[in-house]
Amino acid sequence: MATAAIQVSELTKVINERIIVDRISFSVEEGEVFGLLGANGSGKTTTFNMLAGLLAPSSGTVTLLGKSIKEMQKSKRPEIGFVTQEDSFYETLTVEENLEFFADMFGMPAKESEGMIKKLLQQMKLSEKAETMASRLSGGMKKRLNMACAIVHDPKIIFLDEPTVGLDPMVRKEIWALIEQLHSEGKTIIITSHYMDEVERLCHRVAIMYSARLVASGTPAEIKAKYKLKQMEDVFAEVAKPVS
């Protein structure tokens, strides 16, 4: 039986007396690509931020690799990486300077960071742009640099928040290939996405939120079978239907 990389139990968030996330529980196995899905207002983003330690829960627990969020945050080199929707690098630094900065911020020894930066430049197809100012990169290259900066410390768990939003189809497929490569290296990956073709290609299992609650979980095929769907694109409309 696989080990849980992420264990969520009775996770709840209340803001101004409004329940944003209501006692949800699920687990993500080590080495799994897991999708957290939900329409706007479902509580998905709040949940994602609590899992990554960016937002404190009102109650309930999140355990990452057997450690609490607080224990993970105290580490000089946390075992999680968070890839945000918005660019989190410095546009006035070169590609390589950005990677060096974040490696140093995560407490990586110089010899180790040098090898990791070289690997990421190749993996993200940025080797030829190493000395280029980040502000001069194309949109797809910026996405790849953003991902590289978030995982330069070689984390075991990677959070990807809408990793391909706003990208053209060709660049989206490039990002998919990178995610698949990271998975092949044994990373545990949790993704939020509105693109159901992306979910079906990348995710082994998904959890679907609606109105602050977790309403369904399983493989994409299981979800489609449960709601008698031909395609995942229709899933949000189905979960929103009132129970008869």
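For the structure, see preceding data.
Quick caveat, the model's predicted, so the values are computed rather than measured.

Rules of the game
Residues numbered from 1 in each chain as written. Predicted model: local features only at pLDDT ≥ 70, side-chain atom pairs only at ≥ 80, totals over all residues. Heavy atoms only, no water. 1 Å grid on protein atoms, 1.4 Å probe; cavity = no way out; pocket = protein on both sides within 12 Å on 5 of 7 lines; lining within 4 Å. Points joined across faces, edges and corners; volume = space filled by probe spheres on them. Helix = DSSP H or I, 4+ residues; strand = E, 2+ residues; numbered from the N terminus. Nonpolar A, V, L, I, M, F, W, Y, C, P; charged D, E, K, R; others polar.

**Some words on the layout of surface pockets**
Once rolled over the atoms, a probe with the size of a water molecule shows which space is left empty. In this structure, the largest pocket occupies an estimated 340 Å³ of space. Lining the largest pocket are 18 residues, and of these Ala-52, Leu-54, Ile-80, Phe-82 and Phe-106 sit closest to its centre. When residues of the lining of the largest pocket are traced back to their parent elements, those giving at least two are helix 2 (69-74), strand 6 (80-83), helix 3 (95-105) and helix 5 (139-151). Taken together, the residues of the lining of the largest pocket sort by class into twelve nonpolar, six polar and no charged. Size it by volume and the second largest pocket reaches roughly 200 Å³.

**Quick word on empty space enclosed by the protein**
For the structure on display, the rule yields two cavities of 30 Å³ or more. Taken as a whole, the largest cavity encloses approximately 40 Å³ of empty space. Lining the largest cavity are Val-83, Thr-84, Lys-143, Asn-146, Met-147, Asp-161, Pro-163 and Ile-175. Of all the elements, helix 5 adds the most residues to the lining of the largest cavity, at three residues. Looking at the lining of the largest cavity residue by residue, the class counts come to four nonpolar, two polar and two charged. Taken as a whole, the second largest cavity encloses approximately 40 Å³ of empty space. Taken together, Met-116, Lys-119, Leu-120, Gln-123, Ile-151, Asp-154, Leu-182, Glu-185 and Lys-187 make up the full set of residues lining the second largest cavity. Ranked by residue count, the leading element in the lining of the second largest cavity is helix 4 (residues 110-123), at four residues.

Coordinates in, geometry out; function isn't part of it.
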